[in-house]
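Residue-level structure breakdown
Here's the letter readout for the chains.
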Amino acid sequence: MKPTSLLARTVLASALVALPLACAAQAPQAKEATAANDGAPVLVPALRAAHAAHATMLASTLAGERIVAVGDHGVVLLSDDGGRSHRQARHVPVDVALTSVSFVDARRGWAAGHWGVILHTTDGGETWQVQRSDAAQDRPLFAVHFFDDRQGVAAGLWSLVLRTEDGGAHWEPVELAPPPGGKRADLNLFGLFADARGRLFAPGERGMVLRSDDKGRSWSYMPTGYAGSFWSGIAGPGGTLLVAGLRGSMYRSLDDGGSWQRVDTHTESSITALAGAGSKIVGVGLDGLVLDSEDGGANFIASTREDRLPLTSVVLDGQGRAAMYSRQGVVAAAGAKDPSAR
């Protein structure tokens, strides 16, 4: 078994590293409520925090025109003005790190995270319910993706893949074959993204990308020629695939993953997230890295924010405007005031 230190993307300092919140969540009684006598966690609701917008945020997406961002201590932030202001969700039933979020329309969405937690919302992220958790082992989920309101897939530590055909009421594990040259399926899978034809891709460790043509029932391995980890991926226009991760590494495929070419990102800062709108693609990363492409990912211009925030997530609206998130929480949009959640 891999060492416990691999339970999260340590370079990202993501799910295992808590950014302290200046709120009641740090009270002793709240800490004690999160673990039973046998060491297994007791899932308790996330507390509303005066400074929730400064929590570590790990993923974001669009729910219609609303931005939904998720992160540490079960914090869920909602923005209805393109990221200029945020407010905390009314009810989240867990205080564990949430690492991924997926919506199929303006109201129905899912989030996944530590302790195998999968949450569901039917009101645009205002309130959430637990669909799945596994207190027997902390085998975190790093990604969740839904194709529609019935069919979804989640993926995470040591090749953990789950799928549902009833909107998350039941989740079934998918057994993966070992990767090429391996004896068992034990890759950490850090992301999920689908192309326009419904094929699902999972970027992971050892430069590997997995592909499913049947909504997660079966998977094939697609080596890229890279040896490091990919943390994010996106399907761009015209069938372009992009995956990115450690030390500024990015690879591009124009033939459904059959072959991959390295993209010059002009940086060695690790890339944590990619987002797209039409031919515009934006990437973010550590050290305040921002990558911009206007040609579907063929070429990127790299820049570095003056604050050098460790950026963890980015989402684009229909006009291509970016909202960004970091280990220090919401990244203020141009013209925005202090991003404190209401």
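Our subject in this report is the structure included herewith. These numbers come from a predicted model, not from an experiment. (Residues numbered from 1 in each chain as written. Predicted model: local features only at pLDDT ≥ 70, side-chain atom pairs only at ≥ 80, totals over all residues. Heavy atoms only, no water.)

1. Re the overall build of the chain
We count it as follows: Secondary structure elements are taken from DSSP: a helix is a run of H or I of four residues or more, a strand is a run of E of two residues or more, and numbering for both begins at the N terminus. Three exposure classes are used, based on accessible area relative to the maximum for each residue type with a 1.4 Å probe and protein chains only: buried under 20%, partly exposed in between, and exposed over 50%. Whether two residues are in contact is decided by their heavy atoms, any of which lying within 4.5 Å being enough. Using a 1.4 Å probe, the Shrake-Rupley method yields the accessible areas, and only the shown protein chains count as cover for residues.
Broken down by element type, the chain carries one helix and 27 strands. Buried residues in the chain amount to 59% of all 342 residues. Here the analysis covers contacts within the chain between residues at least 6 apart in sequence; of these, 47% occur between residues at least 24 apart. With the model as given, the accessible surface of the chain reaches about 14,000 Å², and the carbon-plus-sulfur share is 50%.

2. Some points on the sheet that holds strand 22 (residues 280–285)
Formally: Strand pairing is assigned whenever DSSP identifies at least 2 bridges connecting the two strands. Geometry is summarised by axes, namely lines fitted to C-alpha atoms with helices restricted to the contacting stretch, and by angles between N-to-C directions that run from 0 to 180 degrees.
The strand order across the open sheet formed by four strands is 21-22-23-24, and the pairing between neighbours is antiparallel. A strand with exactly one partner marks an edge of an open sheet, and here the two such strands are strand 21 (271–277) and strand 24 (301–304). The sheet shows a mean angle of 20° between the axes of neighbouring strands, direction not considered.

3. Focus on unusual backbone geometry
In this structure, tryptophan 115 is a non-glycine residue whose phi angle is positive, near 55°. With respect to the secondary-structure elements, tryptophan 115 resides in the loop between strand 6 (109–113) and strand 7 (118–121). Phi is positive for aspartate 256, which is not a glycine, with a value near 65°. Here aspartate 256 lies in the loop between strand 19 (250–253) and strand 20 (261–262).

4. Focus on the sheet that holds strand 10 (residues 152–156)
Ordered by their spatial adjacency, four strands build an open sheet running 9-10-11-12, and the pairing between neighbours is antiparallel. Two strands in the sheet have a free side with no partner beyond their single neighbour: strand 9 (141–146) and strand 12 (172–173). The sheet contact formed by strand 10 and strand 11 (residues 161–164) spans four bridges and is antiparallel. Each residue of the ladder has a partner; that of valine 153, found in strand 11, is arginine 163.

5. Here's the deal with the packing of aromatic side chains
Counted only if it meets this: Working definition: a ring pair exists when centres of Phe, Tyr or Trp rings (six-membered ring for Trp) sit within 6.5 Å. Plane angles under 30 degrees give stacked, over 60 give edge-to-face, the rest tilted. Lysine and arginine charges are scored as sitting over a ring when NZ or CZ, respectively, is within 6 Å of the ring centre and within 35 degrees of the ring normal.
Counted by the stated rule, this structure contains eight aromatic pairs. Feature note: the residues Trp110, Phe146 and Trp171 constitute an aromatic cluster, connected by ring pairs. Stacked on the ring of phenylalanine 147, the Lys or Arg lysine 215 has its end atom at 5.2 Å from the ring centre.

6. Focus: the pairing of strand 11
Side chains Val161 and Arg163 of strand 11 all project onto a buried face; the interleaved residues Leu162 and Thr164 project onto the opposite face, where all are buried too. Taken together, strand 10 and the strand that follows it, strand 11, pair antiparallel across an intervening segment of four residues, in which tryptophan 158 is found at a positive phi of about 55°. Relative to strand 12, strand 11 runs antiparallel, the two being bridged by two bridges. When the sheet's bridge partners are listed, leucine 162 is paired in strand 12 with proline 173.

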